[in-house]
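# Close look at the chain arrangement
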Amino acid sequence: MNAWHAVSLACLIEEYFIGGVKIEFQYTGVSEAIRSYLEKMSFFKHWEAGIDRNDFSKSLRERMIHIWKVDCSRIQPYIDYVREYYQGNFLVEQDLSPISIVMAEIFNNIQDHSESEVSGYCLIQYAPNKHELQISICDFGVGIPHKINAYRKSMGEKTIRHEKALMESVVKGYSTKSTPQNRGLGLDLVLSNVKATNSSLIIVANKAILKVEMGNNEILHERMEKPFSGTHIHIKMDTTNFEKIEKVVGEEEEFFL
Amino acid sequence: MQVMTTENRKRIKLLSIVKGTYTNSEGSALFKELDKYLRQGQSVTIDFTDCHALSSSFLNSSIGEIFMKYGYNSLKGRIGVVNATKSQKKQIEDYITYLKEEAVGS
């Protein structure tokens, strides 16, 4: 079991939970490794009465921050918390902007585009021996290809295959105009940060998969016969490729306009 | 809020008007500040001290909206940036290049 499984399982349980189903866990037959893994991210306690599922500022154990139900009003504190945690404990000298940017873009997409009743779930974990930081974020919304096809229909255009739609979604400037300011730069920014750090990315949405493998900037895609109702983005970042923290020295004004 | 004046140029310390630089609402708050001074004919210096990363939503709702309202020619030399990291400067520069291309293409 890994972060990928944990966040998609969390979305499923949350869907039942908000539908009024009482959540109880039985541990019979669960391996000690899986139980321990889920305990560390506070998975079993997440649906207990009185728990704020959007809260993340709990005690930190090992190399994992608790699983978090994405709350778009807490994007800033969550990203700062993650950055400060890893900066303070493991990645002391690295500039963690790539992590902050990809999380912000994916959370903003959930808010602006997903229409996900469960919001989404996020899990971050770090393996220092592999210098690998994993970010897994899942929602049970309409899914990127469906969103793009709905937009195309509204513009009087033909719908396209899901894998083509998913490829379009990462093209700079491609926007479904879910918000008036939207310019279609979010997933392009995710992709450019993945490429710049030689990291890997996988996006699963509806009937399509988009992949960028570690150390290979080619964007691959494939079709799934069984659809996934939502969008799941999983990124493995090679932290050795992060830039060193840059100190701003002097105060020279620059003009970009 | 910390706004310092040097003649006709106002200085806005970004983290004194927003908590962060990730969301549309934070971008809109910067847009309002920029607009307040620009429409009076003043210029603005944005101080990025202690800011970390910029999202596209933040840039769209701040710089992007200002660009749409005033246009490139009337903004030339009127919005400056200080205390930004190299990666933030690169991101702003790329973003403005994209806005200019978009404006030419539209």
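None of these values were measured; they are calculated from a predicted model.

Criteria and thresholds
- Residues numbered from 1 in each chain as written.
- Chains lettered and ligands numbered in written order.
- Predicted model: local features only at pLDDT ≥ 70, side-chain atom pairs only at ≥ 80, totals over all residues.
- Heavy atoms only, no water.
- Helix = DSSP H or I, 4+ residues; strand = E, 2+ residues; numbered from the N terminus.
- Rg over C-alpha atoms; globule rule 2.2 N^0.38 Å.
- Buried < 20%, exposed > 50% of the residue type's maximum accessible area, 1.4 Å probe, protein only.
- Pairing = 2+ DSSP bridges.
- Phe/Tyr/Trp six-rings, centres within 6.5 Å; stacked < 30°, edge-to-face > 60°.
- Lys NZ or Arg CZ within 6 Å of the ring centre and 35° of its normal.
- Arc of directions from axis to C-beta.
- Contact = heavy atoms within 4.5 Å.
- Axes fitted to C-alpha atoms, helices over the stretch in contact; angles between N-to-C directions.
- Salt bridge = Lys/Arg side-chain N within 4 Å of Asp/Glu carboxyl O.
- pLDDT = per-residue confidence, 0-100.
- Parallel < 35°, antiparallel > 145°, perpendicular 65-115°, else oblique.
- Left-handed = near helix turned anticlockwise from the far one by under 90°.
- Nonpolar A, V, L, I, M, F, W, Y, C, P; charged D, E, K, R; others polar.

Tallying secondary structure elements over chain B gives 5 helices and 4 strands in all. Across chain B, helices and strands are ordered from the amino to the carboxyl terminus as β-β-α-α-β-α-α-β-α. For chain B, the C-alpha radius of gyration of 13 Å lies close to 13 Å, the compact-globule estimate for 106 residues. Across its three principal axes, chain B shows a C-alpha extent of roughly 40 × 30 × 25 Å. Here chain B holds 106 residues, and the buried ones make up 57% of them.

Our focus in this paragraph is the pairing of strand S3 (residues 43–47) of chain B. Residue and element names in this part refer to chain B. In terms of residue burial, S3 counts as a mostly covered element, since 5 of its 5 residues are buried. Side-chain alternation along S3 places Ser 43, Thr 45 and Asp 47 on one buried face and Val 44 and Ile 46 on a second face that is also buried. Bridge analysis of strand S2 (residues 9–13) against S3 gives 5 bridges, and the strand direction is parallel. The residue bridging Lys 10 from the neighbouring strand is Val 44, located in S3. Summarising the sheet, S3 and strand S4 (residues 79–82) pair through 4 bridges and their orientation is parallel. Opposite Val 44, over in S4, you have Ile 79 as the bridge partner.

The relation between two aromatic rings is expressed through the spacing of the ring centres and the mutual angle of the planes. Following the criterion strictly, the structure yields 16 aromatic pairs over all chains and no others. The residue whose ring lies beneath Arg35(A) is Tyr27(A), and the NZ or CZ to ring-centre distance is 4.1 Å.

All names here are of chain A. Among the residues making up helix H6 (residues 162–169), those that are buried are His 162, Glu 163, Ala 165, Leu 166 and Ser 169. One face of H6 carries all of its buried residues, which in axial projection span an arc of 160°. The inward-facing, buried residues of H6 abut helix H5 (144–154), helix H7 (186–196), strand S4 (200–212) and strand S5 (219–238).

Turning to the sheet that holds strand S3 (residues 132–139) of chain A, a few remarks are in order. Residue and element names in this part refer to chain A. Ordered in space as S1-S2-S3-S5-S4, the 5 strands form an open sheet in which the pairing is antiparallel. Looking at which strands have only one partner, the edges of the open sheet turn out to be strand S1 (68–69) and S4. Of the pairings in the sheet, the one linking S1 to strand S2 (residues 120–127) comprises 2 bridges and is antiparallel in character. Considered in S2, the bridge of Trp 68 is made with Cys 122. H5 rests against S4 and S5 of the sheet, and its axis sits at about 60° to S4.

This next bit is on the pattern of salt bridges. In the structure shown here, the tally under the stated rule is 23 salt bridges over all chains. Members of the salt-bridge network, linked through shared partners, are Glu14(A), Arg53(A) and Lys69(A).

It is worth spelling out the confidence of the model for chain B at this point. Low pLDDT means the predicted coordinates in that region are not meant to be read closely. Across chain B, the average pLDDT comes to 90, with 92% of residues at 70 or higher. Across the whole predicted complex the pTM is 0.92, and at the interface the ipTM reaches 0.89.

A few words now on the environment of Met103(A). Residue and element names in this part refer to chain A. Counting through the fold element by element, Met 103 comes out in helix H4 (residues 97–114). Take Met 103: its relative accessible area is 1%, and that puts it in the buried class. Residues Met 103 and Ile 75, spaced 28 residues apart in sequence, show a C-alpha to C-alpha distance of 8.6 Å. Setting aside residues no more than four positions away along its own chain, Met 103 makes contact with Tyr 78, Ile 79, Val 82, Ile 124 and Ile 135.

What follows covers the packing of helix H2 (residues 24–38) of chain B against helix H3 (residues 56–70) of chain B. Residue and element names in this part refer to chain B. Contact geometry of H2 with H3 gives a least axis separation of 6 Å together with a crossing angle of 30°. Classified by the interaxial angle, the pair formed by H2 and H3 is roughly parallel. For the pair H2 and H3, the crossing hand works out as right-handed. Along its contact with H2, which presents Asn 24, Glu 26, Gly 27, Ser 28, Leu 30, Phe 31, Leu 34, Asp 35 and Leu 38, the element H3 presents Ser 57, Phe 58, Ser 61, Ser 62, Glu 65, Ile 66, Lys 69 and Tyr 70. Residue composition of the contact of H2 with H3, by class: 7 nonpolar, 6 polar and 4 charged.

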